[in-house]
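# Fold and contact review
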Amino acid sequence: YARKEEHNKSLLLKNKEVTIAKDKALKAAKAKENFLSTMSHELRTPMNAIIGITNILLDENKCDNQKIHLNNLKFSSKGLLHVINEVLDFSKIEAAKLQIIKKEFNLQENLDCLINSLRYGSANNNLKVIQDQQLAGLKHLVFGDNKRVNQILTNLLGNAIKFTSEGCIVLRTKIEENTDNRVQIVFEVEDPGIGIPSDKLESIFESFSQVNNEINRIHQGTGLGLALCKKIVLSLEGEIFLTSEENKGSTFFIEIDKKYFK
Ligand code: ADP
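Heads up: these notes are all about the structure in this document. (Residues numbered from 1 in each chain as written. Predicted model: local features only at pLDDT ≥ 70, side-chain atom pairs only at ≥ 80, totals over all residues. Heavy atoms only, no water.)

Here the focus is the nonpolar core. Counting 45 residues, the largest nonpolar core has Leu-107, Leu-153, Leu-157, Phe-187, Ile-254 and Phe-261 as its most contacted members. If one sorts the elements of this core by residue count, helix 4 (residues 146-162) sits on top with 7 residues. Setting aside residues up to four positions removed in sequence, Leu-107 forms contacts with Leu-135, Leu-138, His-140, Val-142, Ile-185 and Phe-187. (Core = buried A, V, L, I, M, F, W, Y, C linked by side-chain atoms within 4.5 Å. Buried < 20%, exposed > 50% of the residue type's maximum accessible area, 1.4 Å probe, protein only. Helix = DSSP H or I, 4+ residues; strand = E, 2+ residues; numbered from the N terminus. Contact = heavy atoms within 4.5 Å.)

With that settled, consider a nonpolar patch on the surface. A contiguous nonpolar patch, built from Phe-35, Leu-36, Met-39 and Leu-43 and spanning about 350 Å² of accessible area, is present on the exposed surface. Tracing the sequence through the fold places Leu-43 in helix 1 (residues 2-60). For Leu-43, a relative accessible area of 40% puts it in the partly exposed group. (Patch = residues over 30% accessible without salt bridge, like charges linked within 9 Å, V, L, I, M, F, W, Y side chains within 5 Å. Areas by Shrake-Rupley, 256 points an atom, 1.4 Å probe, with all protein chains shown as cover. Salt bridge = Lys/Arg side-chain N within 4 Å of Asp/Glu carboxyl O.)

This paragraph deals with the environment of Asn-61. When you line up the elements, Asn-61 lands in the loop between helix 1 and helix 2 (64-94). For the pair formed by Asn-61 and Leu-242, sequence separation is 181 residues and the distance between their alpha carbons is 46 Å. In contact with Asn-61, not counting residues within four places along its chain, are Gln-66, Lys-67 and Leu-70. Reaching out from Asn-61, the side chain makes a polar contact with the backbone nitrogen of Cys-63 at a distance of 3.3 Å. (Polar contact = N/O pair within 3.5 Å; in protein donor to acceptor, adjacent residues only side chain to side chain.)

We now examine the packing of helix 2 against helix 6 (residues 225-235). Between helix 2 and helix 6, the shortest axis-to-axis distance is 10 Å and the interhelical angle comes to 40°. Put simply, helix 2 runs oblique to helix 6. Crossing of helix 2 against helix 6: the hand is left-handed. Counting all contacts with helix 2, which are made through Glu-86, Asp-89, Phe-90, Ile-93 and Glu-94, the residues of helix 6 involved are Gly-225, Ala-227, Leu-228, Lys-231 and Ile-232. (Axes fitted to C-alpha atoms, helices over the stretch in contact; angles between N-to-C directions. Parallel < 35°, antiparallel > 145°, perpendicular 65-115°, else oblique. Left-handed = near helix turned anticlockwise from the far one by under 90°.)

A few words on unusual backbone geometry. Phi angles above zero are rare outside glycine, and Glu-237 is one such case at about 60°. Owing to a relative accessible area of 64%, Glu-237 belongs among the exposed residues under this scheme. Unusually for a residue other than glycine, Asn-247 sits at a positive phi of about 65°. The topology assignment puts Asn-247 in the loop between strand 6 (239-245) and strand 7 (249-257).

The next point concerns the side chain of Asn-106. By secondary structure assignment, the location of Asn-106 is in the loop between strand 1 (103-105) and helix 3 (107-121). We classify Asn-106 as buried; its relative accessible area is 11%. A polar atom in the side chain of Asn-106 sits 3.1 Å from the backbone nitrogen of Glu-109. The residues touching Asn-106, leaving out its near neighbours within four places in the chain, are His-140 and Leu-141.

With that settled, the discussion passes to helix 6. Those residues of helix 6 that fall on the buried side of the exposure criterion are Gly-225, Leu-226, Ala-227, Leu-228, Cys-229, Ile-232 and Val-233. If you follow the buried residues of helix 6, they end up packed against helix 2, helix 4, strand 6 and strand 7. Phi turns positive one or two residues past the end of helix 6, at Glu-237, with a value near 60°.

Here we come to helix 1. With 59 residues, helix 1 ought to run about 87 Å at 1.5 Å a step, and its terminal C-alpha atoms sit 87 Å apart, in line with that. The axis of helix 1 is deflected most strongly, by about 25°, at Arg-44, and proline Pro-46 appears within four residues downstream. Those residues of helix 1 lying buried are Glu-33, Ser-40, Met-47, Ile-51, Thr-54 and Leu-58. (Expected span 1.5 Å × (residues − 1). Bend = angle between axes of the 7 residues up to and from the residue.)

Below, the structure is given as structure tokens:
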């Protein structure tokens, strides 16, 4: 009995220690989260000011030599703002604070604009970006969060452009009924690019995960884009997955219940 009593005491002590350690770890995680979101939030305002002032200088400046520098400045600032926004969104999702704001919008027009902006944004003439919409039966105006849909697709199409040197990138949008009779909107982003090795297909959705350091150094990027896409898709109760073959290309699939767009 005495030995049992002793054992119980030591178990209670251990339990207390584990609880204290857990509380400390949770506090540290929360502090990291707060730091990331506060910092990225604070950095956004001056970054927007830098981009705005660069735009004014570009408008006012007639000197070609300076225009080159100003355009470089604008390009880098926008890149930095993109990273800051990704970190901010990521920390918001971690803290379950990312808001889904639904409003009425025209999905087909929205997709046209997205493709056009990427087409003009891509400097590679050997690369074509096209789309194939099969949305017959879908109402002209749908109800959903177009910002989040655009964020996911911009990320996937941006990656497709980054990791493909030539050929045709396709954004396919269609309505499909799945096995349990649920109707869903499926977005597919297909590229004939460098592809992803089979042992990395799962892990690329983890934060800060990149496949090839050498290639990523050229293209830059945070390794947060796909993790962010996955979290947003999950918050829309959808699914994201991919098929890919090295040196042949990749296709990313997103399935979101049609009820979400009502
Ligand atoms: P980032 O592009 O900022 O590095 P992502 O999370 O968007 O981060 O992508 C993670 C990694 O997955 C990329 O660094 C790249 O190695 C790989 N990847 C993503 N999309 C593609 C693609 N379409 N083709 C080849 N590799 C890709």
